[in-house]
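# Analysis of the macromolecular model
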Amino acid sequence: MKQKQPGDVLLFTEWTLLRLFPPLRAAWSRVGEQARVPVTGRNAKRVLFGAINVQSGHRTVVCRKGAGGADARAFLTELRRRYRKARTIWLLLDRAPAHTDTQTLRLAVELGIELVWLPKQWPELNAMDHLWKELKRLIAANRQAASIDELAQEAAEWVLQLRPREALRKAGILSPTFWLRGV
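Let us look at the structure shown here. (Residues numbered from 1 in each chain as written. Predicted model: local features only at pLDDT ≥ 70, side-chain atom pairs only at ≥ 80, totals over all residues. Heavy atoms only, no water.)

### A word on the sheet that holds strand S4 (residues 89–93)
Selection rule: Paired strands are those between which DSSP finds at least two bridges. By the criteria applied, helices consist of DSSP H or I runs no shorter than four residues and strands consist of E runs no shorter than two, each listed in order from the N terminus. Inter-axis angles, ranging from 0 to 180 degrees, are taken between N-to-C directions of lines fitted to C-alpha atoms, where helices are fitted over the stretch in contact. Contacts: residue pairs with any heavy atoms within 4.5 Å of one another.
Pairing is mixed in the open sheet, where five strands are placed in the order S3-S2-S1-S4-S5. Sheet topology places strand S3 (59–64) and strand S5 (113–117) at the edges, where each strand pairs with a single neighbour. Along the sheet, successive strands turn relative to each other by an average axial angle of 25°, direction set aside. Pairing of strand S2 (residues 45–53) with S3, which is carried by six bridges, proceeds in the antiparallel orientation. Paired with Phe-49 across the strands is Val-62, a residue of S3. Contacts between helix H1 (residues 69–82) and the sheet are confined to strand S1 (9–19), S2, S3, S4 and S5, with S3 contributing the most and set at about 150° to the helix. Packed onto the sheet, helix H5 (residues 148–161) meets S1, S2 and S3 and runs at close to 170° relative to S3.

### With respect to helix H4 (residues 127–140)
Defined as follows: Multiply 1.5 Å by the residue count of a helix minus one, and that product is the helix's expected span. Burial classes follow relative accessibility: with a 1.4 Å probe on protein chains only, a residue under 20% of its type's maximum area counts as buried, one over 50% as exposed, and anything between as partly exposed. Identification of polar contacts relies on pairs of N or O atoms within 3.5 Å, with a donor-acceptor requirement for protein atoms, meaning one able to donate a hydrogen and the other able to accept it, and with residues adjacent in sequence counted only if both atoms are side-chain atoms.
With 14 residues, H4 ought to run about 20 Å at 1.5 Å a step, and its terminal C-alpha atoms sit 19 Å apart, in line with that. Burial in H4 covers these residues: Ala-127, Met-128, Leu-131, Trp-132, Glu-134, Leu-135, Ile-139 and Ala-140. Taken together, the buried residues of H4 touch S1, S2, S3, H5 and helix H6 (164–170). Sitting at the head of H4, Asn-126 places a side-chain oxygen 2.9 Å from the backbone nitrogen of Met-128.

### What about the nonpolar core?
The criterion, for reference: Here, nonpolar core refers to any group of buried Ala, Val, Leu, Ile, Met, Phe, Trp, Tyr and Cys residues whose side-chain atoms link them within 4.5 Å.
Judged by nonpolar contacts, the single largest core of 31 residues is most densely connected at Phe-12, Ile-52, Leu-135 and Ile-173. Counting 21 residues, the second-largest nonpolar core is a separate cluster that includes Val-9, Phe-49, Tyr-83 and Ile-89.

### Things to note about the side chain of Thr-104
Topologically, Thr-104 is positioned in helix H3 (residues 102–111). A residue is classified by how much of its surface remains accessible, and Thr-104, at 2% relative accessible area, is buried. Side-chain polar atoms of Thr-104 contact the backbone oxygen of Ala-98, separated by 3.0 Å. Apart from the residues within four sequence positions on either side, Thr-104 is in contact with Gly-69, Ala-72, Arg-73, Leu-76, Ala-98 and His-99.

### What to know about the packing of aromatic side chains
Where we set the bar: For this analysis, a ring pair means two rings from Phe, Tyr or Trp (six-membered ring only for Trp) whose centres lie within 6.5 Å, classed as stacked if their planes differ by under 30 degrees, edge-to-face if by over 60, and tilted for the remaining angles.
Throughout the structure, instances matching the rule amount to four aromatic pairs. Both rings, one in Phe-178 and one in Trp-179, keep their centres 6.4 Å apart while their planes meet at 55°; by these two values the pair is tilted.

### Regarding the side chain of Arg-59
Test applied: Neither His nor the chain termini are counted; the positive set is Lys and Arg, and the negative set is Asp and Glu. Salt bridge, as used here, is a side-chain nitrogen of Lys or Arg placed within 4 Å of a carboxyl oxygen of Asp or Glu.
Here Arg-59 lies in strand S3. Of the buried charged residues, Arg-59 lacks a salt bridge, with Glu-166 as the closest side chain of opposite charge at 7.3 Å. Of the polar contacts made by the side chain of Arg-59, one reaches the backbone oxygen of Gly-57; its length is 2.4 Å. Of the polar contacts made by the side chain of Arg-59, one reaches the backbone oxygen of Leu-160; its length is 3.1 Å. Filtering out sequence-adjacent residues up to four positions away, Arg-59 remains in contact with Ala-51, Ile-52, Arg-82, Leu-131, Val-159, Leu-160, Gln-161, Leu-162, Arg-163, Pro-164 and Ala-167.

### A closer look at the pattern of salt bridges
Tallied over the full model, the rule gives nine salt bridges. A salt bridge links Arg-64 to Asp-71, with the shortest nitrogen-to-oxygen separation between them at 2.9 Å. Under the relative-accessibility criterion, Arg-64 is labelled partly exposed at 28%. A salt bridge links Arg-137 to Glu-134; the shortest N-O distance between them is 2.9 Å. Residue Arg-137 and its partner Glu-134 are both found in helix H4; the two are separated by three residues, about one turn of the helix. Glu-134 sits in the buried class, given a relative accessible area of 18%. Three or more residues joined by partner-sharing salt bridges are found here, namely Glu-78, Arg-81 and Arg-82.

Structure follows, in structure tokens:
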């Protein structure tokens, strides 16, 4: 594996699934009353692919209808477009099937993207996962959006409108115990 050089960027990436049917979380209600969460019964979905730059806190978000190989490749292409001046993009990610697809691996090489695999079943290590968790708590939980596109737009805007330092904090990167702190 190559070594990180000046002009390279280091990003965490992960995707999250948004459903029109809201994720249910603990909610306040009057004593003796059940909290009500109105739902339509429709369950459309969108997938948000996201990345956060470990140094600058810059985020990239792309909305897709699925999370397959073609969707992952579209996201890699967008990352290279956004970071066109970077020599190499170092991308920390999990081994989701879309990420390990032969065409995706080939495209990463062509685009100058080095894939760094995180351990399986350990989302705590992925800073982007922390942002998605907070997003779902604040934007999606316990409420039905009018449309899936409206929900996806609101979610993407929430992530992108965070100030860089706030994004780094919410992602856990500024924590004194962040696992990449000394690297």
